[in-house]
Amino acid sequence: GTSALTRVCNILGVELGDNLLPPVKGNNETGFWEHFDTVATNEELLNAIGMSWDDPRAQPERWTETAAANASREKILTFLKRDFSTAPLWGIKDPRMCRLMPLWDPVIEQTGAESAYIMVLRHPLEVARSLYQRDCLSTGRGLVLWLRHVLEAERATRGKRRTFVSHDLLMRDWRRVIDGVVEQLGLPFHEINDMSRAKIENFISPSLRHFSFHDTELYDSATLARWTGRVFAACRALEHNPQDPKSLADMDMVARELDQAGSYFDDIVGEGAPRERKLREEIADLHRKVSERENWVNTTVADQDARIEALTQTVSDREDQINTLNTTVADQDAR
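Only a predicted model underlies this, so the values are computations on that prediction, with no experimental measurement involved. (Residues numbered from 1 in each chain as written. Predicted model: local features only at pLDDT ≥ 70, side-chain atom pairs only at ≥ 80, totals over all residues. Heavy atoms only, no water.)

(A) Layout of the environment of R161. When you line up the elements, R161 lands in the loop between α6 (139–157) and β2 (162–166). As for R161 and Y117, which are separated by 44 residues in sequence, their C-alpha atoms are 6.4 Å apart. Beyond its immediate stretch of four places on either side in the chain, R161 contacts E114, S115, A116, Y117, L185, G186 and L187. A polar contact of 2.4 Å, which involves the side chain of R161, links it to the backbone oxygen of L185. (Helix = DSSP H or I, 4+ residues; strand = E, 2+ residues; numbered from the N terminus. Contact = heavy atoms within 4.5 Å. Polar contact = N/O pair within 3.5 Å; in protein donor to acceptor, adjacent residues only side chain to side chain.)

As structure tokens, this is what we get:
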């Protein structure tokens, strides 16, 4: 749900930079609205500390003190100053930042920017289904990833200038969501006019939402309700009060239990991580080779088409010459 909200904010005056990831057919056709250097730096850092975007384990201890983290800080500060130093209102979006905010926060402060955080809340079963369809991740893994991202992002922004918004409400009534963001964060968005309204309503489409789940599917299961349901309910309460004490206590309780469970199972997941990483690299290499072969085939076909077109033109020119010669012969015969 972050892509939709990011684009709406962009239309209303938030500078995202020019170096954005391109849309991907079958994944995010309307665009990710993610800064390329942000994504690349976050991905490099995760790889360097033995993680990946879909790793459900807890972050390694003292990861912010590693050489890789220090290198990432320098890169982030460099491209933030390069791309946004003259922008009065700018934003960055990458879901990996949910787990990397302890590194990002101090760097953003170094730029002199005044930070505000918008947390997009989407039904966890919708997220899990989306991850299953796109990446073949199991429902259990998808839900643990959802918990990790939400819990760590909430913890990193607690007590700071932030707001929670509902993806479901964004799809139904974007104007109400934006009004709430402006009211809670005081962001200097552009006034909504006919042109910006048309752009947003053309972009926000029910077709962007591929899955829809009801609360009964989440809370009728005692297993799902204990962690995922409790955190989801807490986030809903935080929409109205971003510092609601009961909700924060519930999230802390689930975070503790998740970490306790992780102390047993993270090592098991970690044992398979190198093999999974190797398979990812092999798959990426195969995709690259297929893409190169497709490009070669397309180039070859294009070359053949060009040759056929050239030969067709040559034949046409010859036919014109023959017709001209026949006319000349007929004139000679008549004489």
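Moving on from the model shown.
(B) Region of the structure containing the packing of aromatic side chains. Within this structure, the stated rule accounts for four aromatic pairs. Relative to W90, the ring of F84 has its centre 4.7 Å away and its plane inclined at 10 degrees; by these criteria the two rings are stacked. Note on F84: relative accessible area 2%, which makes it buried. (Phe/Tyr/Trp six-rings, centres within 6.5 Å; stacked < 30°, edge-to-face > 60°. Buried < 20%, exposed > 50% of the residue type's maximum accessible area, 1.4 Å probe, protein only.)

(C) Spotlight on the layout of surface pockets. Here the second largest pocket defines a volume of roughly 420 Å³. If you go around the second largest pocket, you meet 20 residues; those closest to its centre are Q59, R148, E152, R155 and D259. Every element with two or more residues in the lining of the second largest pocket is listed here: α4 (97–110), α6 and α12 (245–334). (1 Å grid on protein atoms, 1.4 Å probe; cavity = no way out; pocket = protein on both sides within 12 Å on 5 of 7 lines; lining within 4 Å. Points joined across faces, edges and corners; volume = space filled by probe spheres on them.)

(D) Up close: unusual backbone geometry. Here W33, not a glycine, exhibits a phi torsion of approximately 60 degrees, which is positive. Within the secondary structure, W33 sits in the loop between α1 (2–11) and α2 (36–48). The exposure class assigned to W33 is buried, which follows from its relative accessible area of 18%. If you check the backbone angles, R62 has positive phi at about 60 degrees while not being a glycine. Mapped onto the elements of the fold, R62 is located in the loop between α2 and α3 (67–84).

(E) The arrangement of the pattern of salt bridges in detail. Applying the stated rule across the entire model yields 28 salt bridges. Here R141 and D54 are joined by a salt bridge, their closest N and O atoms 3.8 Å apart. Of this pair, R141 sits in helix α6 while D54 sits in the loop between α2 and α3; the two residues are 87 residues apart in sequence, bridging distant segments of the chain. Overall, D54 belongs to the buried group, its relative accessible area being 2%. In this structure, a network of salt bridges that share partners links the residues E154, R155, R158, R162 and D252. (Salt bridge = Lys/Arg side-chain N within 4 Å of Asp/Glu carboxyl O.)

(F) Spatial organisation of empty space enclosed by the protein. Counted under the stated rule, the structure contains one cavity of 30 Å³ or more. Estimated volume of the largest cavity: approximately 40 Å³. For the largest cavity, the full set of lining residues is L46, M51, S52, W53, Q59, R96, R99 and H149. Residue composition of the lining of the largest cavity, grouped by class: three nonpolar, three polar and two charged. (Nonpolar A, V, L, I, M, F, W, Y, C, P; charged D, E, K, R; others polar.)

(G) Examining the state of the cysteines more closely. For the structure on display, the rule yields zero disulfides. As a non-bridged cysteine, C235 has C98 as the owner of its nearest cysteine sulfur, 11 Å distant. (Disulfide = S-S within 2.5 Å.)

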